[in-house]
Each structure stands twice: as C-alpha cells, then as structure tokens.
Amino acid sequence: MRKTSTQAAKLPLNTILQGDCIAQMNALPEGSVDLIFADPPYNLQLKGDLHRPDNSKVDAVDDAWDQFSSFAVYDKFTREWLKAARRVLKPDGAIWVIGSYHNIFRVGAALQDAGYWILNDVIWRKSNPMPNFRGKRLTNAHETMIWASKSEKAKYTFNYEALKALNEDVQMRSDWVLPICTGHERLKDAKGAKAHPTQKPESLLHRVLIGTTKPGDVVLDPFFGTGTTGAVAKMLGRNFIGIEREDAYIEVARARLARVRKLDEADLQVTQPKRSQPRVPFGQLVERGMLRPGEKLYSPRGDVAKVRADGTLAASNARGDHHGSIHQVGAALEGAPSCNGWTYWTFRREGKPVPIDYLRQQIRSEL
C-alpha cells in the first residue's frame, strides 16, 4: 500500500537528523522509507595502538562510537536498531548492511531473527586494501554487505538490466571489485586529517542505489557519517534521510551535500527489462500505415514474406507455405521451435534493410 502525499510530507526529506539513530527512526512515520543503507559500528575491539613496520602509528578506528563493552551489549544495540529500521521500511522495502568479520555474522543472524529475508551477501573486494602491518593474519581485503528485503513476500526493487549495463552487458555478480576512498574523494577535516575513519567510496553507493532504488525513492542512512549515501542519492535523483550524532561529521556532510548537483532527468534513466515496456502488436504497424499490406519483409537468409491486412505474414519455402504471426512464420522458415519476429524480420527503405523493431520503438516512444 502506497503512502499518501500527506504522509510523505511528514518525512524530513534531504535532511540530516542529529541524535541517536534508534530514537530518530522511531520518530519517523511507519512504512515510509524505500531503502535503508546501514554502515553500523563494526565493534573492532582494538587493543592498543596499531603501528607500521617503521613504527609510525596507523590512523585506525578508535572512536568512542565503535566501542562496546561486550558482544552482548553490541548484539542488543544491533537488535534495537534493526527493529526500528524494519518499522520505517515500506512493505516492499529493503536494507543493505555493510560490515567486516568483526560484526557482519552477528548482524546477519539478527537480521533473520528480526524477520528480514536475506536476498544476497555481496563481497566488496577492495582493489587497494590496507596492508596487514603485524604480519600475523591475512590482509583484510574485503568487506561483506547483506542485502535483505523487509519480508519473504516483499516485491523489492531490483534493476537487473541496469546493473548488467553497468557491467558491460554481463550479469552482475555478488563480488564487487572497487577501490577504497583515497585521493580527492577522501574528505579531510580542518587539520588535514581524515574526516571519518571508515568513509565509503561513492562507487559502492552508486551501484547499490542504481541497482535497488528508483528515482524519487526515499533512502535512509541511520549511520550517516560524512554523507556518502546522501551525496550519491542527491546526484541520482533519490531523496535521502541521514541520521548522525557526531557534530564534526554533520558539519562535513552538510558542506559536501551543498556541492552535489543532481543529474538531469534524462541522465537518470537506466536500462529497463523488455517485459516492462508497453506491448505493441505487429498489427498496429499495419493499421497505422507504417507497413502496408503486400509489403515484403526479409529474413536474415533472404526468405521473403508478405504482410497481410490483419497483421499476419505469408511466406513459402522448401518446407511449404506458411501463414501466421511474425514469430510463427519466422520459426517455420527456420525449422525452429520459436523465433523473435521483431529481431528476425527487416523491411526495405531506400534499398536498405531496416529492422521492423525500429517501427515498434517509434510507437513505444509515443506511449
């Protein structure tokens, strides 16, 4: 069930809410958010400082927000924020949670216990990971993301064709090779230090939002940090709600968001599955005079069929006479069980072959 415009108006769209994420989510209208991207504290459990071989100190995550006194305390926090998140999701909403080996397995169990339905786990394989300085373990070269719908029956958004297009027309896999934040993308504070120790790259959020949201959707990030989710959402024509409690991060995020320009509407369009496009019967081309009865169509092998007044074709070859739809006649000529007539047949204009699908697309552009 869609929310009314009055309900939507109550949402603090494109705003950063300061405070505790659980309290802020509980204050939002129920069933009002399309997607949640959550980058919660990892509970790294660091014991003392970390140094490189040259004895220089590593700028690791040692902030208070990532420190929990026990696994039980962390698990309680996880259950509470996941419960609040699920309440604000629309019935067909979904959530992405990112984490490391320190926390993602605990979060995954809590997701399932809370009623979410896991769709995929995605491995973000870092093309430029931080080395393991102590040399006592494997280099941590990946993080794990869990993508889950609100429930097993949810009709979540998945733009399969758009992700395939992003991947050079190859089906998108569940292992993503992307670099960590470096160079110009890494935000700095007034002292020139990292503004946030675990800033995520915009490429990661671009792929998530292109693949699992639509323009105009509401994306909630309950651990907003320096605003990567908001920046990418704004650029891609999505609405965002950020929740963050740290003043320093909010200041950086606001400055960052002010610099982001939304893409033009035409540039926000992505590849859609063919089944979502309006159906155009071949007969419409005949009715509208785009092809005339008696006009010839040509197969890739040079077979000729004539268009009939009712939108069927007539053709002959060594197998006999054939009559029927563009698909049936194409299959009969090829001796095949099926045929996509739209891509099989061409007509001639000024002596050049033109696919009949060109005419179908002209009609679709008018619908």
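Reading the values: rules and limits
Residues numbered from 1 in each chain as written. Predicted model: local features only at pLDDT ≥ 70, side-chain atom pairs only at ≥ 80, totals over all residues. Heavy atoms only, no water. UniProt positions renumbered as here; feature names shortened; annotations may be inferred. Salt bridge = Lys/Arg side-chain N within 4 Å of Asp/Glu carboxyl O. Helix = DSSP H or I, 4+ residues; strand = E, 2+ residues; numbered from the N terminus. Buried < 20%, exposed > 50% of the residue type's maximum accessible area, 1.4 Å probe, protein only. Pairing = 2+ DSSP bridges. Axes fitted to C-alpha atoms, helices over the stretch in contact; angles between N-to-C directions. Parallel < 35°, antiparallel > 145°, perpendicular 65-115°, else oblique. Left-handed = near helix turned anticlockwise from the far one by under 90°. Contact = heavy atoms within 4.5 Å. Nonpolar A, V, L, I, M, F, W, Y, C, P; charged D, E, K, R; others polar. Core = buried A, V, L, I, M, F, W, Y, C linked by side-chain atoms within 4.5 Å. Polar contact = N/O pair within 3.5 Å; in protein donor to acceptor, adjacent residues only side chain to side chain.

As recorded in an unreviewed UniProt entry, the chain goes by the name Methyltransferase, listed as coming from Meridianimarinicoccus marinus. Under the Catalytic activity (unreviewed entry) heading, UniProt states for the chain: "a 2'-deoxyadenosine in DNA + S-adenosyl-L-methionine = an N(6)-methyl-2'-deoxyadenosine in DNA + S-adenosyl-L-homocysteine + H(+)". Word for word, the UniProt comment on the chain under Sequence similarities (unreviewed entry) is "Belongs to the N(4)/N(6)-methyltransferase family."

Peer 1: Describe in detail the pattern of salt bridges, supporting the description with residues and values.
Peer 2: Applying the stated criterion across every chain, the model contains 14 salt bridges. Two residues, Glu80 and Lys76, come together in a salt bridge whose shortest N-O distance is 2.6 Å. Of this pair, Glu80 and Lys76 both sit in helix 3 (residues 71–88), separated by four residues, roughly a single helical turn. With a shortest N-O distance of 2.7 Å, Arg349 and Glu295 are connected by a salt bridge. Of this pair, Arg349 sits in strand 13 (residues 346–349) while Glu295 sits in the loop between helix 9 (282–287) and strand 9 (296–298), and the two are 54 residues apart along the sequence. Owing to a relative accessible area of 35%, Arg349 belongs among the partly exposed residues under this scheme. Linked by salt bridges that have partners in common, Arg301, Asp303 and Glu334 make up one network.

Peer 1: Help me get a handle on the pairing of strand 14 (residues 352–355), residues and values and all.
Peer 2: Bridge count between strand 13 and strand 14: four bridges; the pairing is antiparallel. When the bridges of strand 14 are listed, Phe347 appears paired with Val354.

Peer 1: I'd like to hear about the packing of helix 3 against helix 4 (residues 104–113), residue by residue, with values.
Peer 2: Helix-helix packing is described using two parameters, namely the angle between the two axes and the distance between the axes. Between helix 3 and helix 4, the shortest axis-to-axis distance is 10 Å and the interhelical angle comes to 45°. One way to sum up the angle between helix 3 and helix 4 is to call them oblique. Crossing hand, helix 3 versus helix 4: right-handed. Contact residues: helix 3 offers Phe71, Tyr74, Asp75, Thr78, Arg79 and Leu82, while helix 4 offers Arg106, Val107, Ala110 and Leu111. Here the contact of helix 3 with helix 4 is built from residues that sort into six nonpolar, one polar and three charged.

Peer 1: Give me the nonpolar core: which residues, what numbers.
Peer 2: Buried together is how nonpolar side chains tend to be arranged in soluble globular proteins. Counting 34 residues, the largest nonpolar core has Trp96, Met145, Trp176, Leu204, Val208 and Leu209 as the members making the most contacts within it. Those residues in contact with Trp96, other than ones at most four positions away along the chain, are Leu35, Ile36, Phe37, Ala38, Val122, Met145, Ile146, Trp147, Trp176, Val208 and Thr212. The next biggest cluster of nonpolar side chains, apart from the first, holds 31 residues, and it includes Ile36, Tyr74, Val107 and Val218.

Peer 1: Tell me about the packing of helix 7 (residues 228–235) against helix 8 (residues 247–258), residues and numbers included.
Peer 2: Closest axis-to-axis distance for the helix 7/helix 8 pair is 9 Å, and the angle between their directions is 15°. Regarding the angle of helix 7 to helix 8, the classification is roughly parallel. Seen from above, helix 7 lies across helix 8 with right-handed handedness. Contact residues: helix 7 offers Thr228, Gly230, Ala231 and Lys234, while helix 8 offers Arg256, Leu257 and Ala258. Partitioned by chemical class, the residues of the contact of helix 7 with helix 8 number three nonpolar, two polar and two charged.

Peer 1: Account for the side chain of His102, with residues named and values stated.
Peer 2: For His102, a relative accessible area of 18% puts it in the buried group. In this structure the side chain of His102 is engaged in a polar contact, spanning 3.2 Å, whose partner is the side chain of Tyr101.

Peer 1: Lay out helix 7 with the relevant residues and their values.
Peer 2: Here helix 7 lies mainly inside the structure; six of its eight residues are buried. Among the residues of helix 7, those classed as buried are Thr228, Thr229, Gly230, Ala231, Val232 and Ala233. Buried residues belonging to helix 7 abut strand 2 (33–38), helix 6 (202–212), strand 7 (218–221), strand 8 (239–244) and helix 8. Trailing helix 7 by a residue or two, Gly237 shows a phi angle of about 75°, which is positive.

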